[in-house]
Amino acid sequence: MSIAGATASADLGKICPLVSRRMNAKYGRDETLAVRVEHVEFGATRPVIIGGPCSAESVEQTLELAHAVKACGADMLRGGAYKPRTSPHDFQGLGLEGLEILREARLQTGLPIVTEVMDPRLVELVGEYADMLQVGSRNMQNYPLLTEVGKFGKPVLLKRGMAASLCEWLGAAEYIAKEGNFQIVLCERGIKAYPSGEYSRFILDLNVIPALQGETFLPVIVDPSHATGISSMVEPASRAALESGCQGLMIEIASERPGAARPKCDAAQAISPTTLQRIVEFAHGRAGQKLESKACAV
Ligand code: PEP
Ligand code: MN
């Protein structure tokens, strides 16, 4: 079976029948499953914008940014309490304290929270605080974790493994769906390819948006922060992702207040609340506009 006319050989109907569009005729050619996180709906005409720090580093930093996200008109707050870091010597996130801070931010702003869970043993704990559980790029193929978040039942943001094929990614979504949890949003976050690191952190794969939409009914969003790694690239990448038909964005921000502490993680890719606001306005301005043709209708 080919993917959208390309020459992929994987038989998605066998690998992921539960999340495959062609195996679930009720979704037709371009209907998207509505994934609800509190009052926010992914897959509706309006793109969902998630903003916030890479990690919740302190009460002051998180509350300041949560209020900024709210003021920009964005829909949800992101922030890591458990951070996957390349070096075990780097800041690992505040853990439980970070979750408590996120809970306070939610209380003050009303923004639903998405935060990462890395350890299957922590799904219950993180799930008590999160409105949506994030499975990060490094854990996309952590099958015991996928099974646990599937069983837990709260909505899941499933990021693409940085070297994962479309087929492997949908196979990961299938593990969650197999437990009866279809509340899954897919998030493209850049892949490793030859020039990775030379001029940007990863390569933003915009082609995968219409390809996924042809193969699955799950909503697709884009993280332009990790995909580029460079703050000046985040706004154009966001616009391009929206023009490619994605159903939302997840973006890292940092305070532009003079004297504000530099983020401990991913400072180079954090944009200001002012830039986030422009992206939100762009996203809302083009809400409801359908692309003329769906490149991947099969
Ligand atoms: C994140 O969104 O906090 C993150 C660590 O991203 P990724 O898993 O895509 O690297
Ligand atoms: Mn980050």
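As the structure is a computational prediction, the values presented were derived from the model and not from experiment.

K.L.:
Please explain the coordination of the manganese ion (ligand 2) as it appears in this structure.
P.N.:
Ideal values differ by geometry: the angle at a metal is 109.5 degrees with four tetrahedral donors, but 90 or 180 degrees with six octahedral donors. Every protein donor of the manganese ion (ligand 2) is accounted for by Cys54 (SG), His226 (NE2), Glu252 (OE) and Asp266 (OD), and the metal-donor separations fall at 2.0 to 2.4 Å. The sequence pattern formed by the donor residues of the manganese ion (ligand 2) is C-x171-H-x25-E-x13-D. Of this pair, Cys54 sits in the loop between strand E3 (48-52) and helix H2 (59-72) while Asp266 sits in the loop between strand E10 (248-252) and helix H10 (273-285), and the two are 212 residues apart along the sequence. For Cys54, a relative accessible area of 6% puts it in the buried group. A relative accessible area of 22% means that Asp266 is categorised as partly exposed.

K.L.:
Where do I start with helix H5 (residues 143-152) in this structure?
P.N.:
An α-helical turn contains 3.6 residues, so a residue and the one three or four places further along point in the same direction. Within the span of H5, buried status applies to Leu145, Leu146, Thr147, Val149 and Gly150. The secondary structure elements touched by the buried residues of H5 are helix H4 (123-129), strand E6 (132-135), strand E7 (156-159) and helix H6 (166-178). Just downstream of H5, Gly153 is the residue with a positive phi angle, here 95°.

K.L.:
Help me understand the pairing of strand E5 (residues 113-116) in this model?
P.N.:
Looking along a regular strand, one sees the side chains alternate between the two faces of the sheet. Side-chain alternation along E5 places Ile113 and Thr115 on one buried face and Val114 and Glu116 on a second face that is also buried. A crossover links strand E4 (residues 76-78) with its parallel partner E5, the connecting element being helix H3 (residues 96-109), and its sense is right-handed. With 3 bridges connecting them, E5 and E6 associate as parallel partners. Counterpart to Val114 in the pairing with E6 is Met132. Read from E5 through H4 to E6, the crossover connection turns out right-handed.

K.L.:
Looking at this structure, I do not really get unusual backbone geometry. What am I missing?
P.N.:
Most peptide bonds adopt trans geometry, and most residues besides glycine take a negative phi value. You will see that Glu38, though not glycine, has its phi angle at about 55°, which is positive. Topologically, Glu38 is positioned in the loop between strand E1 (35-37) and strand E2 (40-42). The residue Asp266 is not glycine, and still its phi comes out positive at about 55°.

K.L.:
In this structure, what is going on with the environment of His39? I would like to understand it.
P.N.:
Of note, His39 is situated in the loop between E1 and E2. Look at His39 and you get exposed, because its relative accessible area is 61%. C-alpha of His39 to C-alpha of Gly110: the two residues are 71 residues apart in sequence and 9.8 Å apart in space. Not counting chain neighbours up to four residues away, the residues in contact with His39 comprise Gly110 and Pro112.

K.L.:
Sorry, what's going on with the site of ligand 1 here?
P.N.:
Around ligand 1, the neighbouring residues are Arg78, Lys83, Pro84, Glu116, Gln134, Gly136, Ser137, Arg138, Lys159, Arg189, His226 and Met250. At 2.8 Å, a backbone N or O of Ser137 approaches an oxygen atom of ligand 1. Compared with its free state, where it exposes 290 Å², ligand 1 has 97% of that area covered by protein. Residues of the shell around ligand 1, tallied by class, amount to 2 nonpolar, 4 polar and 6 charged.

K.L.:
When you look at the environment of Leu122 in this model, what are you seeing that I'm missing?
P.N.:
By secondary structure assignment, the location of Leu122 is in the loop between E5 and H4. With relative accessibility at 25%, the residue Leu122 sits in the partly exposed group. Not counting the four nearest positions on each side in its chain, Leu122 is found in contact with Tyr82, Val117 and Gly127.

K.L.:
Could you clarify how one ought to interpret the confidence of the model for the protein in this entry?
P.N.:
In regions of low pLDDT, the predicted coordinates are not meant to be interpreted in detail. Of the residues in the protein, 94% reach a pLDDT of 70 or more, and the chain-wide mean stands at 94. Note that residues 293-298 has pLDDT below 50 and, in this model, 11 contacts with residues that lie over four places away or in other chains.

K.L.:
Could you clarify how one ought to interpret the pairing of E3 in this entry?
P.N.:
Of all the 5 residues making up E3, 5 are buried; the element is thus mostly covered by neighbouring parts of the structure. Residues Val48, Ile50 and Gly52 point to one face of E3 and Ile49 and Gly51 to the other, with burial holding for every one of them. The parallel pair E3 and E4, bridged by H2, forms a crossover whose chirality is right-handed.

K.L.:
Teacher, can you tell me more about the packing of H6 against helix H7 (residues 208-215) here?
P.N.:
When two helices pack together, you describe them by how their axes are tilted relative to each other and by the distance separating the axes. One can describe the packing of H6 onto H7 by two numbers: an axis separation of 11 Å at closest approach and a directional angle of 50°. With respect to each other, H6 and H7 are oriented oblique. In terms of crossing hand, the pair formed by H6 and H7 is right-handed. Residue-level inspection shows Leu166, Trp169 and Leu170 of H6 in contact with H7, the latter providing Val208, Ala211, Leu212 and Glu215.

K.L.:
When you look at the side chain of Glu235 in this model, what are you seeing that I'm missing?
P.N.:
Its place among the elements puts Glu235 in helix H9 (residues 231-243). Relative accessible area serves as the criterion here: at 14%, Glu235 is assigned to the buried category. Each residue touching Glu235, except ones within four places of it in the same chain, is listed here: Thr275, Arg278 and Ile279.

Conventions and cut-offs
- What you see as residue numbers is a count from 1 along each chain, following the sequence as written.
- Labels are handed out in written order, letters beginning with A for the chains and numbers beginning with 1 for the ligands.
- This being a predicted model, a pLDDT of at least 70 is required before a residue's local features are given, and a value of 80 or more before pairs of side-chain atoms are given or counted; all residues contribute to the totals for chains, interfaces and linings.
- The side-chain numbers reported here are obtained from all heavy atoms of the structure, hydrogens and water having been left aside.
- Only N, O and S atoms count as donors, using a 2.8 Å cut-off from the metal and 3.2 Å for Na, K and Ca, and because water is excluded some sites may appear unfinished.
- Every helix listed is a DSSP run of H or I at least four residues long, and every strand listed is a run of E at least two residues long, numbered separately from the N terminus.
- The rule is simple: take the accessible area with a 1.4 Å probe, protein chains only, and divide by the maximum for that residue type; under 20% is buried, over 50% is exposed, in between is partly exposed.
- The criterion used for residue contact is that any of the two residues' heavy atoms lie within 4.5 Å.
- With the strands pointing away from the viewer, any crossover whose connection runs clockwise from the first strand over the helix to the second is right-handed.
- DSSP calls a pair of strands paired once it identifies at least 2 bridges connecting them.
- For this description, a residue counts as near a given molecule or strand if any of its non-hydrogen atoms is within 4 Å of it.
- Polar contact criterion, stated in full: a pair of N or O atoms within 3.5 Å, where within protein one must be able to donate a hydrogen and the other to accept it, and residues adjacent in sequence count only if both atoms are side-chain atoms.
- Accessible areas in this description were obtained via Shrake-Rupley with a 1.4 Å probe; residue shielding takes into account the shown protein chains only.
- Ten residues, namely Ala, Val, Leu, Ile, Met, Phe, Trp, Tyr, Cys and Pro, are considered nonpolar, four, namely Asp, Glu, Lys and Arg, are considered charged, and the remaining ones, Gly among them, are considered polar.
- Per-residue confidence from the predictor is reported as pLDDT, which spans 0 to 100.
- A fitted line through C-alpha atoms serves as each axis, taken over the contacting stretch for helices, and the angle formed by two N-to-C directions is quoted from 0 to 180°.
- The cut-offs work like this: below 35 degrees is roughly parallel, past 145 is roughly antiparallel, 65 to 115 is roughly perpendicular, and the gaps in between are oblique.
- A crossing counts as left-handed when the near helix is turned anticlockwise from the far one by less than a right angle, and as right-handed when that turn is clockwise.

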